[in-house]
Amino acid sequence: MQGYFVGRKELTAWVQQYFQPNFAKIEELASGVVYCQIIDNIYPNTVPMAKVKVGAKTEVDFIHNFKVRPSSPLAPLHRLRTLHTLAAPAASAASAPPP
């Protein structure tokens, strides 16, 4: 399977077109605002956009924005993946022959 590469300019143009017209640099994605907007557009009214700090400039605010997202539909997938990762070593240890 081969991936599809999208350059900075294409990604920036896409974010400007659909989410933030004043979006200028990829580094602005670190604030988490665009991610919240994308999830909210895919699953309407699942991200409490009123709690998203749109003008986030500090790392504390960035972290806050990423913590707002767990109320989105993707949160159960993350939890399931985490549980699967934790269960995997236990399952392989149970199938190993005794010493």
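Residues numbered from 1 in each chain as written. Predicted model: local features only at pLDDT ≥ 70, side-chain atom pairs only at ≥ 80, totals over all residues. Heavy atoms only, no water.

### Overview of the overall build of the protein chain
And then number 1: Within the protein chain, the secondary structure is distributed over four helices and zero strands.
And then number 2: Counting from the amino terminus, helix and strand elements in the protein chain follow one another as α-α-α-α.
And then number 3: Looking at the 99 residues of the protein chain, the share that counts as buried comes to 24%.
And then number 4: A separation threshold of at least 6 residues defines the contact pool for the protein chain, and within that pool the share at least 24 residues apart is 35%.
And then number 5: When the accessible surface of the protein chain is totalled, it reaches about 7,700 Å², and 63% of it is carbon and sulfur. (Helix = DSSP H or I, 4+ residues; strand = E, 2+ residues; numbered from the N terminus. Buried < 20%, exposed > 50% of the residue type's maximum accessible area, 1.4 Å probe, protein only. Contact = heavy atoms within 4.5 Å. Areas by Shrake-Rupley, 256 points an atom, 1.4 Å probe, with all protein chains shown as cover.)

### Structural notes on helix α2 (residues 33–42)
And then number 1: Among the 10 residues in α2, seven count as buried, and that is most of the element.
And then number 2: Of all the residues in α2, the buried ones are V33, V34, C36, Q37, I38, I39 and D40.
And then number 3: Elements that come into contact with the buried residues of α2 comprise α1 (8–18) and α3 (59–68).

### Focus: a nonpolar patch on the surface
And then number 1: Residues Y4, V6, L11, W14 and Y18 make up a contiguous nonpolar surface patch of about 570 Å² in total accessible area.
And then number 2: One can find L11 in helix α1. (Patch = residues over 30% accessible without salt bridge, like charges linked within 9 Å, V, L, I, M, F, W, Y side chains within 5 Å. Salt bridge = Lys/Arg side-chain N within 4 Å of Asp/Glu carboxyl O.)

### Some points on the confidence of the model for the protein chain
And then number 1: Confidence along the protein chain averages 76 in pLDDT terms, with 67% of residues attaining 70 or more.
And then number 2: Mean pLDDT across the elements of the protein chain bottoms out in helix α4 (residues 75–95) (49) and peaks in α3 (91).
And then number 3: Taken as a whole, residues 79–84 scores under 50 in pLDDT and shows one contact with residues more than four places along the chain or in a different chain. (pLDDT = per-residue confidence, 0-100.)

### Topic: the environment of V47
And then number 1: Considering the arrangement of structural elements, one finds V47 in the loop between α2 and α3.
And then number 2: Taking C-alpha positions, V47 is 7.0 Å from V68, a pair spaced 21 residues apart along the chain.

### A short note on the environment of F23
And then number 1: Among the structural elements, F23 can be located in the loop between α1 and α2.
And then number 2: Note: C-alpha distance between F23 and V34 (11 residues apart in sequence) is 9.4 Å.

### Structural notes on the packing of aromatic side chains
Pairs of aromatic rings are described using the distance from one ring centre to the other and the angle between the two planes.
And then number 1: Under the criterion given, the structure shown has three aromatic pairs.
And then number 2: Ring centres of W14 and Y18 lie 6.0 Å apart, and the angle between their planes is 55 degrees; this geometry places the pair in the tilted category. Placement of the pair is W14 and Y18 together in helix α1, with a separation of four residues, close to one helical turn.
And then number 3: The exposure class assigned to W14 is partly exposed, which follows from its relative accessible area of 36%. (Phe/Tyr/Trp six-rings, centres within 6.5 Å; stacked < 30°, edge-to-face > 60°.)

### Observations concerning the pattern of salt bridges
And then number 1: Inspection of the entire model under this criterion finds two salt bridges.
And then number 2: The salt bridge partner of E27 is R8, with a shortest N-O separation of 3.3 Å. With E27 in the loop between α1 and α2 and R8 in helix α1, the pair connects residues that are 19 residues apart, well separated along the chain.
And then number 3: Taking the relative accessible area as the measure of exposure, E27 reaches 45% and is therefore partly exposed.
And then number 4: Residue class for R8 comes out exposed when judged on its relative accessible area of 54%.
And then number 5: Across the pair D61 and K53 runs a salt bridge, and its minimum N-O distance is 3.1 Å.

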